[in-house]
Amino acid sequence: MATTPTALITGCSSGFGLETARYFLDKGWRVVATMRTPDESLLPRSERLRLLPLDVTDAESIRRCIDAAGPIDALVNNAGVGMLAPLEGVELTEVRKVFETNTLGTIAMTQAVLPQFRQRRAGVVVNVTSSVTLKSLPLLAVYTGSKAAVNAFTESLALELAPFGIRVRVVLPGRAPSTRFGENAHLLTGDSLPEAYAQFTQRVFEAVRSTSTPITQAQDVAEAVWRAVTDPLAPMRIPAGADAVALSEA
Ligand SMILES: NC(=O)c1ccc[n+]([C@@H]2O[C@H](COP(=O)([O-])OP(=O)(O)OC[C@H]3O[C@@H](n4cnc5c(N)ncnc54)[C@H](OP(=O)(O)O)[C@@H]3O)[C@@H](O)[C@H]2O)c1
């Protein structure tokens, strides 16, 4: 790694990405914090911080971002969207959006950094997935599929990149009601919700918003990403948050 290493993090406008950007800055790293709509007021001013626009579903946006970022040592694929809905009521165009962001966005970003990582025979990619891939929950079939695909993708990729000195890891956060994830998730309500699923969906929505069971804080995710990036002995799958850790040990 260079003297002052650089992390490029996707989805830094809120939640886990924003906290991870702060964490790496506090630890003395250079951070390229990427957002669909960059907002300088979100992070502390620092000569080690750069804000760049990035939409992970847009190939041209990825190319411009990677060109502008220059050499990086770690890529954190954090950007993601949720979907909490009975499959029967969901439009396939919405399903595609979830996979475009969570799965293909992660794959495209990874492809974009590999040439420089391979040439330098160094670099780490951390993919943020979810503890729902450890224990399935209802109404999350599409979201879980999009994240489980990233787990499997990462584990296979790690094998082909190890000979080049490149590490790839997954961080699996638990449920974090404090981020904007719930607000940003695709939910079915009102007329678009199939009547047969209405009561069941209502019960699941209430359970998801509850804070009476262990939950995950953004800081837990920042710490897990830090471990994935800086500890060469970190395991392939790193749970983040009390609920995710408990699930990984069950
Ligand atoms: N919160 C949870 O309960 C939870 C649990 C497990 C895993 N996760 C995962 O953790 C990650 C972060 O979630 P969070 O809880 O921090 O949610 P969040 O507050 O909604 O943050 C998601 C971030 O992703 C960005 N994003 C969405 N679509 C994008 C795109 N096409 N290109 C670039 N950025 C995009 C959002 O940016 P905009 O502001 O532009 O929309 C936002 O910065 C996600 O991958 C999520 O699936 C969340």
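For clarity, every value in this text was computed on a predicted model and none was experimentally measured.

Bringing the sheet that holds strand β6 (residues 124–128) into the picture now. What the seven strands build is an open sheet, ordered β3-β2-β1-β4-β6-β7-β9; its pairing is parallel. Among the strands making up the open sheet, the edge pair consists of β3 (49–53) and β9 (237–240). Strand-to-strand, the axes of this sheet are offset by a mean angle of 20°, without reference to chain direction. Taken strand by strand, helix α2 (residues 59–69) contacts β1 (6–9), β2 (30–35) and β3, and its axis lies near 160° from that of β3.

The subject of this paragraph is helix α6 (residues 198–209). Helix length check: α6, at twelve residues, gives a terminal C-alpha distance of 17 Å against a target of 16 Å (1.5 Å per residue), a fit within 8%. In terms of burial, α6 is largely open, as just one of its twelve residues are buried.

Summarising the model, the protein chain shows a mean pLDDT of 95, and 99% of its residues fall at 70 or more. Within the protein chain, the lowest mean pLDDT, 85, falls on strand β8 (residues 186–187), and the highest, 99, falls on strand β4 (residues 74–77).

This next bit is on unusual backbone geometry. In this structure, Arg-121 takes a positive phi of about 50° despite not being glycine. For Arg-121, the position within the fold is in the loop between α3 (92–120) and β6. Unlike most non-glycine residues, Leu-139 shows phi in positive territory, near 70°. Structurally, the position occupied by Leu-139 is in the loop between β6 and α4 (141–161).

The terminal C-alpha atoms of α4 lie 30 Å apart, and with 21 residues this matches the ideal 30 Å at 1.5 Å per residue to within 8%. Within α4 the residues assigned to the buried category are Val-142, Tyr-143, Ser-146, Lys-147, Val-150 and Thr-154. Along the long axis of α4, the arc covered by the buried residues comes to 125°, so they all point the same way. Set apart from the buried face of α4 by more than 90 degrees, the exposed residues are Ala-152, Ser-156 and Leu-159. Of the surrounding secondary structure, the elements contacted by the buried residues of α4 are β5 (83–84), α3, β6 and β7 (167–173).

Here we come to the site of the ligand. Taken together, the neighbourhood of the ligand is formed by 30 residues, with Gly-11, Gly-15, Gly-80, Thr-179 and Phe-181 sitting nearest. Listing elements by their share of the shell around the ligand, those giving two or more residues are α1 (15–26), α3 and α5 (181–184). Considering only residue class, the shell around the ligand consists of ten nonpolar, 16 polar and four charged.

Tracing the sequence through the fold places Arg-227 in helix α7 (residues 218–230). For the pair Arg-227 and Ala-158, spaced 69 residues apart in the sequence, the C-alpha separation amounts to 17 Å.

The next thing to look at is the packing of α2 against α3. Put simply, α2 and α3 touch, their axes get as near as 10 Å, and they point 35° apart. Here the hand of the crossing between α2 and α3 comes out right-handed. Mapping the contact onto sequence places Ala-59, Ile-62 and Ile-66 in α2 and Ala-108, Met-109, Ala-112 and Val-113 in α3. A breakdown of the residues in the contact of α2 with α3 according to their chemical character gives seven nonpolar, no polar and no charged.

The rules behind the values
Here the residue numbering is sequential within each chain, running from 1 through the sequence in written order. Owing to the predicted nature of the model, reporting of local features is limited to residues with pLDDT of at least 70; listing and counting of side-chain atom pairs is limited to 80 or more, with chain, interface and lining totals taken over all residues. Pairing between strands is defined by DSSP: at least two bridges between the two strands are required. Secondary structure elements follow DSSP: runs of H or I of four or more residues count as helices, runs of E of two or more count as strands, with numbering from the N terminus. Note on definitions: angles span 0 to 180 degrees between N-to-C directions of axes, and those axes are lines fitted to C-alpha atoms, for helices only across the stretch in contact. Here the contact rule is simple: place C-beta atoms from the backbone, and any two residues whose C-beta atoms are within 7 Å are in contact. Expected span of a helix, by definition, is 1.5 Å for each gap between consecutive residues, and there is one gap fewer than residues. Buried, partly exposed and exposed are defined by the number of other C-beta atoms within 10 Å of a residue's own C-beta, namely 20 or more, between the two limits, and 12 or fewer respectively, with C-beta atoms placed from the backbone. Confidence of the predictor at the level of single residues is captured by pLDDT, which takes values from 0 to 100. Regarding the arc, it is the one traced by the directions from the helix axis to the C-beta atoms. By convention here, the C-beta atom is placed from the backbone, and a residue is near a molecule or strand when that atom is within 6 Å of it. Three classes are used: nonpolar for Ala, Val, Leu, Ile, Met, Phe, Trp, Tyr, Cys and Pro, charged for Asp, Glu, Lys and Arg, and polar for all others, with Gly counted as polar. Each helix crossing is assigned a hand: it is left-handed if the near helix lies turned anticlockwise from the far helix by less than a right angle, otherwise right-handed if that turn is clockwise.

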